[in-house]
Amino acid sequence: MGGGYGLATELQISLRKSELLAGVIGQFLDRQDIQYRYDYGDSENGPRKMLIHNSEDIETLRDLGEGIYIQIAERLEYLVAVDREYGGKTIAGNEELFYQLYKPWTDMHPYWNSKKYTLDFFEDEFNIGTIDDIFDVPNPKYPESISTEYIAGAFDGAGMISLLINEQPVNNTGYGMAFNARITVTHPDIRIKPNFIRYLENHGLAPTISKREDRLNIQFNAINSVEKFIEEVGESTTYLYNLCELFYTQLIPAYKDQYHTTKEGFFDIVRAFEEVAPERPRAKYTTEFFEEKWDLEE
């Protein structure tokens, strides 16, 4: 602790409020004897994330993913190094050491503009100038290429497959539908995009790739490209497995057979999607909407 402020290491694993993810990841961590707790926040459906504080457990996870991690590799390496050097030690009142440890961490998070405890905050709080001698750690080991399991993990953690509906007066139903699969990586490491591109090219996948406001967006919009993407990664997913299976075995074949061009078929596809998809509280075109619009009875 320096000047009334403390530093502690913590690893967070996002669970997307999914009991399924919590169970699968929890079983894996249990097998490794890794201690964790759930953070539910304001969620009423499932835990938002897992929290891991034990320094040995954080190092175990670093070791398990060494040479596989990209997005979190540098930060994990840093947490392990700080715990090894200063775990259990007191740095109370040592403002310079506090700064030396905290500066590399903030450098790894350049998007912390709205965060309260920025480097500028502590420079003012401690009334210190620039310190060149900062805590340094070895470079992490990165993979030479990424696997299907890596892509599936990114899809599970930061992706979705969706049924998109809009008004199309020229259609018999007055509405149209399209399928979309996407992965959005927030604050991507510089190595993420080239590794994704290389994998996608090697597997004959050609999504739309864009980067806006520090987000890397990978989108599959054409029905054949969505189908091929699910074919490649669907079996390796967890959170999105049932949704991938639904699209691949039912919704896409039904769409190709033009089943959606009748009101009954359109409604059946929407209903099947809603039964499997995560909650969509802001969705406009739901089964209830079309029941009322078309005066349908289930």
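Read on for a plain summary of the structure.

The rules behind each value
Residues numbered from 1 in each chain as written. Predicted model: local features only at pLDDT ≥ 70, side-chain atom pairs only at ≥ 80, totals over all residues. Heavy atoms only, no water. Helix = DSSP H or I, 4+ residues; strand = E, 2+ residues; numbered from the N terminus. Buried < 20%, exposed > 50% of the residue type's maximum accessible area, 1.4 Å probe, protein only. Lys, Arg positive; Asp, Glu negative; His and termini not counted. Salt bridge = Lys/Arg side-chain N within 4 Å of Asp/Glu carboxyl O. Polar contact = N/O pair within 3.5 Å; in protein donor to acceptor, adjacent residues only side chain to side chain. Contact = heavy atoms within 4.5 Å. Axes fitted to C-alpha atoms, helices over the stretch in contact; angles between N-to-C directions. Parallel < 35°, antiparallel > 145°, perpendicular 65-115°, else oblique. Left-handed = near helix turned anticlockwise from the far one by under 90°. Pairing = 2+ DSSP bridges. 1 Å grid on protein atoms, 1.4 Å probe; cavity = no way out; pocket = protein on both sides within 12 Å on 5 of 7 lines; lining within 4 Å. Points joined across faces, edges and corners; volume = space filled by probe spheres on them. Nonpolar A, V, L, I, M, F, W, Y, C, P; charged D, E, K, R; others polar.

1. Topic: the side chain of Asp 156
Assignment of secondary structure puts Asp 156 in helix 6 (residues 148-158). Among buried Asp, Glu, Lys and Arg side chains, Asp 156 stands out as unpaired, with Arg 16 the closest opposite charge at 6.2 Å. Separated by 2.8 Å, the side chain of Asp 156 and the backbone nitrogen of Leu 240 make a polar contact. Non-local contacts of Asp 156, meaning those with residues more than four positions away in its chain, are made with Arg 16, Thr 237, Thr 238, Tyr 239 and Leu 240.

2. Observations concerning the packing of helix 10 (residues 263-276) against helix 11 (residues 287-294)
One can describe the packing of helix 10 onto helix 11 by two numbers: an axis separation of 9 Å at closest approach and a directional angle of 160°. Taken together, helix 10 and helix 11 sit at an angle that is classed as roughly antiparallel. As for how helix 10 packs across helix 11, the hand of that crossing is left-handed. Note on element contacts: helix 11 touches helix 10 through Thr 287, Glu 288, Phe 290, Glu 291 and Trp 294, opposite Lys 263, Phe 266, Phe 267, Val 270, Arg 271 and Glu 274.

3. Here we look at the sheet that holds strand 2 (residues 37-39)
Read from one edge to the other, the open sheet built from three strands follows the order 1-3-2, with strand pairing classed as antiparallel. A strand with exactly one partner marks an edge of an open sheet, and here the two such strands are strand 1 (11-14) and strand 2. Each neighbouring strand pair of the sheet contributes to a mean axis angle of 30°, computed without reference to strand direction. Pairing geometry for strand 1 and strand 3 (residues 49-52), over four bridges, is antiparallel. Following the sheet pairing, Gln 12 is matched in strand 3 by Leu 51.

4. Quick word on the layout of surface pockets
Estimated volume of the second largest pocket: approximately 1,000 Å³. Forming the walls of the second largest pocket are 29 residues, and the residues nearest its centre are Met 160, Tyr 239, Pro 278, Glu 279 and Arg 280. Counting residues per element, the ones that place at least two in the lining of the second largest pocket are strand 4 (159-167), helix 9 (241-256) and helix 10. Ranked by residue count, the leading element in the lining of the second largest pocket is strand 4, at six residues. Its residues assigned to classes, the lining of the second largest pocket comprises 16 nonpolar, six polar and seven charged.

5. Topic: the environment of Lys 89
Note on placement: Lys 89 falls in the loop between helix 3 (73-86) and helix 4 (95-107). Overall, Lys 89 belongs to the exposed group, its relative accessible area being 53%. For Lys 89 and Tyr 40, which are 49 residues apart along the polypeptide, the C-alpha to C-alpha distance reads 31 Å.

6. Section: the pattern of salt bridges
For side chains bearing opposite charge, pairing can occur when the charged atoms are close. According to the stated counting rule, one finds eleven salt bridges in the structure shown. A salt bridge links Arg 62 to Glu 59, with the nearest nitrogen and oxygen atoms 3.8 Å apart. Of the two residues, Arg 62 and Glu 59 both sit in helix 2 (residues 55-65), three residues apart, roughly one turn of that helix. Between Glu 59 and Arg 84 there is a salt bridge whose closest N-O contact spans 2.3 Å. Taken together, the residues Glu 59 in helix 2 and Arg 84 in helix 3 connect sequence positions 25 residues apart. The class of Arg 84 is exposed, set by a relative accessible area of 56%. Salt bridges sharing partners connect three or more residues here, namely Glu 59, Arg 62, Asp 63, Glu 77 and Arg 84.

7. Quick notes on the pairing of strand 6 (residues 208-212)
Here strand 6 pairs with strand 7 (residues 215-220) via five bridges, running antiparallel. What sits directly across from Lys 211, in strand 7, is Leu 216. In textbook terms, the turn of a hairpin is the stretch between consecutive antiparallel strands, and for strand 6 and strand 7 this stretch comprises two residues, one of which, Glu 213, has a positive phi near 50°.

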